[in-house]
Each structure stands twice: as structure tokens, then as C-alpha cells.
Amino acid sequence: MPQIDSLFVTRLYRAALSEHGAISADELEASCFAIATDDEAGQQWCEGNDFPGYTSYASLTDLPWRFPIFADLVKNLDAHVAAFAEDAQFDLDGRKLKLEDIWINILPEGGIHTSHIHPHSVISGTTYVSMPKGASAIKFEDPRSQMMMAAPVRLKDARQELKTFVYVEPKVGDVLLWESWLRHEVPMNMAEEERVSVSFNYAWG
Ligand SMILES: [Fe+2]
């Protein structure tokens with residue numbers, strides 16, 4: 001038998017948020033909607049930038065300072081990110097990965113978030129607050145795809161680690177983490193109700 005190894009792997013972390021302390025999903029959802037309703041600057045930014053639904057990204061840079069539930073959430077995420085950094089075997093040289101940004105996304109029916117990466121950070125991720133039936137998965141893309149000039153496509157039932165695109169369907173209360181260079185998108189939300197998530201970036205502090 002030949003030996004075939006996997007090199008240069010891309011890790012994707014998935015866990016229940018509650019593994020590092022309980023956060024009430026209902027309270028988090030209610031807070032996201034309340035903040036969105038009050039955030040007129042954010043609503044205007046979304047309208048002016050043709051952003052589907054709502055994001056607090058451009059308007060509220062201090063969610064954990066303003067809202068205790070976000071402070072609790074960040075404490076919890078810190079532990080998840082530390083666990084992922086350990087698995088990744090990063091040599092952090094005595095420093096920690098620290099929260100850089102955290103923001104709310106409310107994606108209505110028909111809304112999409114096109115393919116992107118998260119510059120200026122090390123680990124990015126999302127926790128899922130409201131995922132109605134039919135809500136979009138998150139789609140990750142092989143970062144080497146631009147190098148595959150003459151390569152055939154993979155079989156439809158190829159092993160997950162060999163696929164060019166991987167769709168993950170998180171549940172409410174899940175947290176996903178990945179390295180910030182990993183390109184991802186949220187395909188069209190086919191659910192009638194809004195898909196609510198909280199995304200964040202961690203940088204090497
Ligand atoms: Fe993203």
C-alpha cells in the first residue's frame with residue numbers, strides 16, 4: 001500500500017457555545033433584534049451600501065462594553081479561540097489572540113453575503129443565533145482554487161477534505177472558527193424568516 005499523507009491542512013472548528021459557559025440563545029436573539037432596531041446609523045449604512053438586512057459592523061464597535069450579554073459571549077469565545085489556537089499549534093510567543101471586532105448580522109429572505117476573507121486578523125468565526133428552517137449554510141472555498149488551472153473537478157461524493165467547496169449547516173448555539181484567510185460566503189437565505197448570527201475577528205495581540 002502506498003503512503004498518502006495530507007499536507008497543509010485547513011482546520012475548521014465547530015463546537016457548542018455552551019461548552020465554555022451558558023449563553024441564553026433567546027436572550028441573545030432578543031438583544032440582536034433590539035440593537036438592530038435602535039441602531040439608526042447602522043440601518044442607514046446598510047441602506048447606503050446595498051447591504052441585505054442589517055449588520056452592526058460599520059456602526060457599533062463596542063458591543064461587549066454596551067451590552068452585558070455580549071461581554072459574556074466574548075468571554076466564552078475567548079475560550080473557544082484559545083482551544084482552536086492550541087489545536088492549530090500556533091506559537092503565540094507568550095501573547096494571546098484578542099478580540100478585534102464583533103458584529104451582528106441579520107440576513108433576510110433572499111439576502112446573501114458574497115465571498116470574502118477577513119483581513120488583519122488570525123482567527124475569524126461566527127456563532128449562530130437564529131437559523132430558521134431553510135436558512136443558508138456557510139460555504140467555505142479551497143484557498144488553492146486559483147492554482148488548479150488544469151485540474152479536473154472532484155467527484156460529487158468526494159471526501160470532505162478533498163472537496164473544493166464545503167457547505168456547513170450550523171445549528172443555533174454552534175460556534176464555527178477558521179483561519180481568517182479562508183474564503184467563505186453565505187449563499188441566498190431561502191428561509192422566510194431572518195437568519196441571525198454574530199461574527200468576530202481575533203488578532204494576535
Ligand atoms: Fe465572513
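Residues numbered from 1 in each chain as written. Predicted model: local features only at pLDDT ≥ 70, side-chain atom pairs only at ≥ 80, totals over all residues. Heavy atoms only, no water.

Let's talk about the overall build of the chain
Looking only at helices and strands, one finds four helices and 10 strands in the chain. Counted from the first residue to the last, the chain has its helices and strands arranged as β-α-α-β-α-α-β-β-β-β-β-β-β-β. For 205 residues, the compact-globule estimate of 2.2 N^0.38 gives 17 Å, and the C-alpha radius of gyration of the chain, at 18 Å, lies within 12% of that figure. Each of the three principal axes of the chain carries a C-alpha extent, and together these read 60 × 45 × 30 Å. The buried share of the chain, reckoned over its 205 residues, is 40%. When the accessible area of the chain is evaluated, it comes to approximately 12,400 Å², of which 53% is carbon and sulfur surface. A gap of 8 Å separates the mean positions of the 17 positive and 31 negative side-chain charges of the chain. (Helix = DSSP H or I, 4+ residues; strand = E, 2+ residues; numbered from the N terminus. Rg over C-alpha atoms; globule rule 2.2 N^0.38 Å. Buried < 20%, exposed > 50% of the residue type's maximum accessible area, 1.4 Å probe, protein only. Areas by Shrake-Rupley, 256 points an atom, 1.4 Å probe, with all protein chains shown as cover. Lys, Arg positive; Asp, Glu negative; His and termini not counted. Charge placed at Lys NZ, Arg CZ, Asp CG, Glu CD.)

Concerning the pairing of strand 7 (residues 165–168)
Only one face of strand 7 is buried: it carries V166 and V168, and the other face, with F165 and Y167, is open. Where strand 6 (residues 138–141) and strand 7 come together, four bridges link them in antiparallel fashion. Of the residues in strand 7, the one forming a bridge with E141 is F165. (Pairing = 2+ DSSP bridges.)

Quick notes on the coordination of the iron ion
Note on the iron ion: its protein donors are H116 (NE2), H118 (NE2) and H184 (NE2). The metal-donor distances range over 2.0 to 2.2 Å. Sequence spacing of the donors to the iron ion: H-x1-H-x65-H. (Donors = N, O, S within 2.8 Å, 3.2 Å for Na, K, Ca; no water.)

So, the nonpolar core
Ranked by internal contacts, the top residues of the largest apolar core, which has 33 residues, are F70, L73, I102 and I104. Mapped by element, the contributors of at least two residues to this core are strand 1 (12–16), helix 1 (25–38), helix 4 (68–87), strand 3 (97–107), strand 5 (123–130), strand 8 (174–179) and strand 10 (195–204). Residue contributions to this core peak at eight residues, all from helix 4. Sequence-distant contacts of L73, that is, excluding residues within four places in its chain, are made with L17, I23, L28, I102, T127 and V198. Formed by 11 residues, the second largest nonpolar core is a distinct cluster that contains V166, L176, W178 and L182. (Core = buried A, V, L, I, M, F, W, Y, C linked by side-chain atoms within 4.5 Å. Contact = heavy atoms within 4.5 Å.)

Side note on the packing of aromatic side chains
Under the counting rule described, the total for this entry stands at six aromatic pairs. Seen from their ring centres, Y13 and F84 are 5.6 Å apart, and the 50 degrees between their planes marks the pair as tilted. Within this pair, whereas Y13 is found in strand 1, its partner F84 is found in helix 4, the two being separated by 71 residues in sequence. Across this residue pair, the class does not change: Y13 and F84 are buried. Consider the rings of F140 and W178, whose centres lie 5.0 Å apart with planes at 70 degrees: the pair is edge-to-face. Placement of the pair is F140 in strand 6 and W178 in strand 8, with a sequence separation of 38 residues. Comparing F140 with W178, the two get one shared label, buried. Positioned above the aromatic ring of W204, the side-chain terminus of R95 is 4.0 Å from the ring centre. (Phe/Tyr/Trp six-rings, centres within 6.5 Å; stacked < 30°, edge-to-face > 60°. Lys NZ or Arg CZ within 6 Å of the ring centre and 35° of its normal.)

What to know about the sheet that holds strand 2 (residues 54–55)
Pairing is antiparallel in the open sheet, where six strands are placed in the order 1-8-5-10-3-2. Both edges of this open sheet fall to strand 1 and strand 2, since each of them pairs with a single strand only.

Remarks on the sheet that holds strand 7
Read across the open sheet, the four strands follow the order 4-9-6-7; overall the sheet is antiparallel. On the outer flanks of this sheet lie strand 4 (113–116) and strand 7, each paired with one strand and no other. The average undirected angle you get between the axes of adjacent strands in this sheet is 15 degrees. As defined by bridge partners, strand 4 adjoins strand 9 (residues 184–186) across two bridges and the pair is classed as antiparallel. Across the sheet, H116 pairs through a bridge with H184, a residue of strand 9. (Axes fitted to C-alpha atoms, helices over the stretch in contact; angles between N-to-C directions.)

Section: a negative patch on the surface
Together, E109, E192, E193 and E194 line one region of the surface with negative charge. The residue E194 is located in the loop between strand 9 and strand 10 in this model. (Patch = residues over 30% accessible without salt bridge, like charges linked within 9 Å, V, L, I, M, F, W, Y side chains within 5 Å. Salt bridge = Lys/Arg side-chain N within 4 Å of Asp/Glu carboxyl O.)

Some thoughts on the environment of D5
Relative to the helices and strands, D5 is located in the segment before strand 1. Put simply, D5 and G48 are 43 residues apart on the chain and 49 Å apart in space, counted from C-alpha to C-alpha. Within the structure, D5 has its side chain in polar contact with the side chain of Q3 (distance 2.9 Å). (Polar contact = N/O pair within 3.5 Å; in protein donor to acceptor, adjacent residues only side chain to side chain.)

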